[in-house]
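# Survey of secondary and tertiary structure
Chain residues, written in single-letter form:
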Amino acid sequence: MQHEFTIQVSPETAANPNQLKYQVSKKNKIPLEEIKHIQILKRSIDARQRAIKINLKINVFVNEVYAEAPIQLPIYPDVSNASEIIIVGAGPAGLFAALRSIELGFKPIVLERGKDVRARRRDLKAINRDHIVNEDSNYCFGEGGAGTYSDGKLYTRSKKRGDVHRILKLLVGFGATDQILVEAHPHIGTNKLPDIIASIRKKIIECGGVIHFETRVTDFEIKNNEINGVTLQDGSKILTNKVILATGHSARDIFELLYKKKVAIEAKPFALGVRVEHSQQLIDQIQYKCEVRGPYLPPSPYSIVKQVGGRGMYSFCMCPGGVIAPCATKPGEVVTNGWSPSKRDQPTSNSGIVVELRLDDFKEYAKYGPLAAMYFQKNIEQQAWRVGGETQKVPAQRLLDMTQGKVSTHLPDTSYKPGLTSADMSTVFPEFIHKTLQYGFKAFDKSMRGYLTNEAVVHAPESRTSSPVRIPRDWKTLEHTQVKGLYPCGEGAGYAGGIISAAIDGEKCAEACVKK
Ligand code: FAD
């Protein structure tokens, strides 16, 4: 017999199967010897009280033996000779579009400007160590897209999420830990993601799909409002009437190209700010209300939202036990984001802290039409590069100093490898963003006492939070509103935010493409 329960236990009990069994037996009056197995279905931490609790949803096997059912991947047929779908971009959207195409009997041809996960590492080293940004291979571009060298958080704020569990199960099938199916806030970690991405690639190729790395799409062949093919950087063309465009939010050349070709695109509001780094120990102390985090608790995340002068200011992509990464995609700009290893065992935590922007904030850039928000973003990244000293060093300021408008005389160590230049954030951001950040951080401290400290450092800018452009599509067919056969997909097109929602959108676009 099986019984499903929810139970609240101490972190130690949650980590110890025998203790848990005892608690379950006592609370539910089931004789201990009759409990054959406890399967954890969901786990979350309740840190609201001083005595932290773990909420568990469990399936108790009473006098019944538990037989573990390994996660099965779908049956992927051989599609070597099937009809082709061109997929531009091998981020989560592109890769999951490719897998779904195969599942539905179509042959994906994936075109990716960057390198495979392994070759990509050399270019990441070059940014970190030598300040050299390769425009095709960096933290945003390359196999697995922007998600490969990330924290690999697998949850989404979006209400229109779709089948999150299906994507999680696929990730487990390709090598992720099955704990991501259980945790309320699952994550994978930078050290594990590349192998998972590589096994997705292996499967695509094994089934007859094709992936071309170092293959940048530079033009679209469009006739009578229908896609006819794509042009690659070497001038060669691939003719096709189905293109899934999953190039991510950093592919500015694609946005420029669409605009030049008069293919409809729209400016899209996004959010922008700084990435702040604290010691993980301080965040643990604030969140867990204790001096030292116990052995059974993970490094604590945080999530915070405030309204400041009528604008939202919130934490974004928080990485406990993580590192700040240089995420520029072109020389002459600096961009920050964060990653963590699977154990989240670095001594620092970091989070984007961003201010909500609206379309009328981009008025000064109106001459760029639908690219106004993108130019606003680019301008701040270039300004930060100049203030930082025209390398990959970023402008930085101690947090309290920033709120008080003081330049920091000395900056502490940072996890951001290229290094810091002490600067006044008012020289990087327009006044309304700077002021919102100054007030907002004070408001944050009211919710998280001790957060506003000079031991924390802000790094600028955190600017690639979501796409500054939307590529409009028909809500039913998912085709571009004007160009038939073109499927704007994933985060770059404005239909996803994060790994999971991009993967879901990739699958949806493949389904729509196949239906056509
Ligand atoms: P992308 O991942 O951006 O992929 C687009 C791909 O298209 C890229 O590989 C690019 O090289 C390729 N491309 C672009 N232009 C062309 C062209 N012209 N021709 C051919 N190929 C092209 N999200 C989370 O959910 N959790 C996290 O923990 C998280 N952490 C992150 C940490 C970092 C450092 C970064 C940079 C991002 C992080 N994100 C995280 C965001 C997440 O990675 C993105 O939301 C997600 O990858 C978007 O997927 P996508 O497939 O739509 O686009």
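Residues numbered from 1 in each chain as written. Predicted model: local features only at pLDDT ≥ 70, side-chain atom pairs only at ≥ 80, totals over all residues. Heavy atoms only, no water.

### Concerning the site of the ligand
In the vicinity of the ligand, 37 residues are found, and the nearest of them are E112, A146, K153, E491 and I499. Measuring from an oxygen atom of the ligand, one finds a backbone N or O atom of G152 at 3.1 Å. V217 is positioned such that a nitrogen or oxygen atom in its backbone is 3.0 Å from a nitrogen atom of the ligand. Summarising the interface, the protein chains cover 96% of the accessible area of the ligand, which totals 1,000 Å² for the free molecule. (Near = heavy atom within 4 Å. Polar contact = N/O pair within 3.5 Å; in protein donor to acceptor, adjacent residues only side chain to side chain. Areas by Shrake-Rupley, 256 points an atom, 1.4 Å probe, with all protein chains shown as cover.)

### Side note on the nonpolar core
Among the nonpolar cores identified, the biggest contains 71 residues, and I353, F429, L437, F441 and Y451 are the most heavily contacted of them. Three or more residues apiece are contributed to this core by two domains, here domain 2 (84-265 + 469-515) and domain 3 (271-462). In contact with F441, other than residues within four places in its own chain, are V274, V276, M313, I353, L399, M402, T403, Y451, L452 and V458. Counting residues in each nonpolar core, the second largest holds 60 residues, with A97, C327, C489 and A496 among its members. (Core = buried A, V, L, I, M, F, W, Y, C linked by side-chain atoms within 4.5 Å. Buried < 20%, exposed > 50% of the residue type's maximum accessible area, 1.4 Å probe, protein only. Domains from an automatic or database assignment. Contact = heavy atoms within 4.5 Å.)

### A look at the UniProt feature "domain: FAD-dependent protein C-terminal" (unreviewed entry) in the protein
Feature annotation in UniProt assigns "domain: FAD-dependent protein C-terminal" (unreviewed entry) to the following positions: residues 269-465. This span, residues 269-465, is 25% helix and 27% strand, and a straight line between its end C-alpha atoms measures 11 Å. (UniProt positions renumbered as here; feature names shortened; annotations may be inferred. Helix = DSSP H or I, 4+ residues; strand = E, 2+ residues; numbered from the N terminus.)

### A closer look at the sheet that holds strand β18 (residues 394-398)
The mixed open sheet is built from seven strands, whose spatial order is β13-β14-β17-β12-β20-β18-β19. The open sheet has two edge strands with one neighbour each: β13 (305-308) and β19 (420-422). Pairwise comparison of adjacent strand axes, ignoring direction, gives a mean angle of 35° for this sheet. Those strands touched by helix α11 (residues 431-447) are β12 (271-279), β13, β14 (311-319), β17 (348-356) and β20 (457-462), and its axis lies near 70° from that of β14. (Pairing = 2+ DSSP bridges. Axes fitted to C-alpha atoms, helices over the stretch in contact; angles between N-to-C directions.)

### Observations regarding the domain arrangement of the protein
Partitioning the protein into structural domains gives domain 1 (2-62), domain 2 (84-265 + 469-515) and domain 3 (271-462). Averaged C-alpha coordinates put domain 1 and domain 2 at centres separated by 40 Å. Listed by partner, the interface residues are five residues for domain 1 and five residues for domain 2. A combined buried area of about 440 Å² lies between domain 1 and domain 2, and 37% of that area is made up of carbon and sulfur atoms. Inspection of the domain 1/domain 2 interface yields one salt bridge. We note a salt bridge from E183 to R43, for which the minimum N-O separation is 2.8 Å. Summed over the shared surface of domain 1 and domain 2, the result is five residue pairs in polar contact (both at pLDDT 80 or more). Tallied by class, the residues present in the side of domain 1 that touches domain 2 amount to two nonpolar, one polar and two charged. (Buried area = accessible area lost by both parts, 1.4 Å probe. Salt bridge = Lys/Arg side-chain N within 4 Å of Asp/Glu carboxyl O. Nonpolar A, V, L, I, M, F, W, Y, C, P; charged D, E, K, R; others polar.)

### Re unusual backbone geometry
For the peptide bond that leads from A460 to P461, omega is -10°, which places it in the cis range. Within the secondary structure layout, P461 lies in strand β20. Look at E214: it is not a glycine, yet its phi comes out positive at around 50°. Inspection of the secondary structure puts E214 in the loop between β6 (210-212) and β7 (217-223). Residues other than glycine seldom take positive phi values, yet E390 does so here, at roughly 60°. Within the fold, E390 resides in the loop between α9 (372-388) and β18. By relative accessible area, which is 48% here, E390 ends up partly exposed.

### Digging into the packing of helix α3 (residues 92-103) against helix α12 (residues 499-515)
Running from N to C, α3 and α12 point in directions that differ by 40°, and their axes come no closer than 7 Å. One element, α3, and the other, α12, form an angle in the oblique class. As α3 packs across α12, the resulting crossing turns out to be right-handed. Contacts between α3 and α12 involve P92, A93, F96, A97, R100 and S101 on the former and, on the latter, I499, A502, A503, G506, E507, A510 and E511. For the contact of α3 with α12, a count of residues per class yields eight nonpolar, two polar and three charged. (Parallel < 35°, antiparallel > 145°, perpendicular 65-115°, else oblique. Left-handed = near helix turned anticlockwise from the far one by under 90°.)

### As for empty space enclosed by the protein
Inspection of every chain in the model, using the stated rule, returns one cavity of 30 Å³ or more. Volume-wise, the largest cavity comes out at about 110 Å³. Lining the largest cavity we find 14 residues, and of these P92, L171, L193, I197 and I499 sit closest to its centre. At the level of secondary structure, the elements contributing two or more residues to the lining of the largest cavity comprise α3 and α6 (193-206). (1 Å grid on protein atoms, 1.4 Å probe; cavity = no way out; pocket = protein on both sides within 12 Å on 5 of 7 lines; lining within 4 Å. Points joined across faces, edges and corners; volume = space filled by probe spheres on them.)

### Considering the layout of surface pockets
Size it by volume and the second largest pocket reaches roughly 730 Å³. What lines the second largest pocket is a set of 26 residues, among which Q39, I40, Y66, D178 and V182 lie closest to the centre. Taken together, the elements giving at least two residues each to the lining of the second largest pocket come down to α1 (11-15), α2 (17-28), β2 (35-46) and α5 (164-173). Ranked by residue count, the leading element in the lining of the second largest pocket is β2, at six residues. Partitioning the lining of the second largest pocket into residue classes produces 15 nonpolar, six polar and five charged. When residues of the lining of the second largest pocket are sorted by domain, at least three fall in each of domain 1 (2-62) and domain 2 (84-265 + 469-515).

### Let's talk about α11
Across its 17 residues, α11 extends 25 Å between first and last C-alpha, which sits within 8% of the 24 Å expected from 1.5 Å per residue. For α11, the complete set of buried residues consists of I433, H434, T436, L437, Q438, G440, F441, F444 and D445. (Expected span 1.5 Å × (residues − 1).)

### What about the environment of M313?
Along the polypeptide, M313 turns up in strand β14. Residues within four places of M313 in sequence aside, it is in contact with I304, V305, K306, V308, I353, V354, V355, T436, L437, G440, F441 and F444.

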